Amino acid sequence: MNDNFKKFKSDGYAIFGNIVEKNYINEIYLKIYKKYILNNQFEKGLLVGDKRYMLNVELDHSIFDQRIFANENLIEFLYKLLGKSMILESFGIVFSLPGARHQGFHRDGSVLFDAYSVEGNASISGFLPPYAITLAIPLINIDEETGRTEIKSNTHRYREDNQTKLIKTNLKIGSALLWDFRTLHGGGENNSKKIRPIIYMTYSREWWRDCDNYKKLNQKRVNLDSSFIKKVDLKYRNLFRYYA
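Residues numbered from 1 in each chain as written. Predicted model: local features only at pLDDT ≥ 70, side-chain atom pairs only at ≥ 80, totals over all residues. Heavy atoms only, no water.

**So, the sheet that holds strand β9 (residues 184–187)**
So, step 1. Strand order in the open sheet formed by three strands is β7-β6-β9, and the pairing between neighbours is antiparallel. In this open sheet, the two strands that pair with only one neighbour each are β7 (166–168) and β9. Going across the sheet, the axis of each strand differs from the next one's by a mean of 20°, ignoring polarity.
So, step 2. Sheet topology note: the strand β6 (residues 149–152)/β7 ladder contains three bridges and is antiparallel. From the neighbouring strand, Lys152 faces β7, where its bridge partner is Leu166. (Pairing = 2+ DSSP bridges. Helix = DSSP H or I, 4+ residues; strand = E, 2+ residues; numbered from the N terminus. Axes fitted to C-alpha atoms, helices over the stretch in contact; angles between N-to-C directions.)

**Looking at the pattern of salt bridges**
So, step 1. Applying the stated rule across the entire model yields nine salt bridges.
So, step 2. Residue Lys84 is joined to Glu76 by a salt bridge in which the shortest nitrogen-to-oxygen separation is 3.4 Å.
So, step 3. In this structure, Glu206 and Arg241 form a salt bridge, with 2.9 Å as the shortest nitrogen-oxygen distance. Here the residue Glu206 occupies a position in the loop between β10 (196–204) and α5 (213–217), and Arg241 occupies one in the segment after α6 (226–230), the gap between them amounting to 35 residues.
So, step 4. For Glu206, a relative accessible area of 30% gives the class partly exposed.
So, step 5. With relative accessibility at 26%, the residue Arg241 sits in the partly exposed group.
So, step 6. Connected via shared salt-bridge partners are Glu21, Asp65 and Arg67. (Salt bridge = Lys/Arg side-chain N within 4 Å of Asp/Glu carboxyl O. Buried < 20%, exposed > 50% of the residue type's maximum accessible area, 1.4 Å probe, protein only.)

**Details of a nonpolar patch on the surface**
So, step 1. A contiguous nonpolar patch, built from Leu112, Phe113, Ile124 and Trp207 and spanning about 460 Å² of accessible area, is present on the exposed surface.
So, step 2. Positionally, Trp207 belongs in the loop between β10 and α5.
So, step 3. Here Trp207 falls in the exposed class, since its relative accessible area comes to 56%. (Patch = residues over 30% accessible without salt bridge, like charges linked within 9 Å, V, L, I, M, F, W, Y side chains within 5 Å. Areas by Shrake-Rupley, 256 points an atom, 1.4 Å probe, with all protein chains shown as cover.)

This is how it looks when you write it as structure tokens:
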């Protein structure tokens, strides 16, 4: 974990393998397939690229448990980066349809203090610790055919292109990819014949909110009810304190 911590701070991303049992991920995939893919319910989400939808699927204990939103292999890593008062700011699935083109490189949100950083110029934004982190858990294997998530390392520090490295991630079922909200990334082309669903979770410092994506989406950041929170272990309920 220490190596991944150093890598995340320096490069703006980290990959964890075998953090969730493959059988459990396969179970989730089947339930998501029946509930959201068979009847095209994913189309109710925000279009975030060509044939690519982001939907705040219901956080339902019959589908998702703490192995997903408070994974024991990741939670301490996240606390170390964001502090013990962090929250689960948003939760959902991105569905990439067959034939989807490359999403294009982007940051998940706007910078905190100025507009100059996005042009690669030095500013305070690139020196700050992370305020939000995206965690992605694929429900199928991610490779060149299904469309790899591509990362431009070190861009959370707003480096010029010649100071970054393009990382094309291959993710097996049961693995996870995390990136700083400021890191440039983009979903690759889906050249397969199946929909590629990836669970996304944004963890953030308690004072930060995603004011970009959810203005457009007009949906709850975390789609749950109070009965869900009552089933969460006490030590993790703080993740949901703004949704109780």
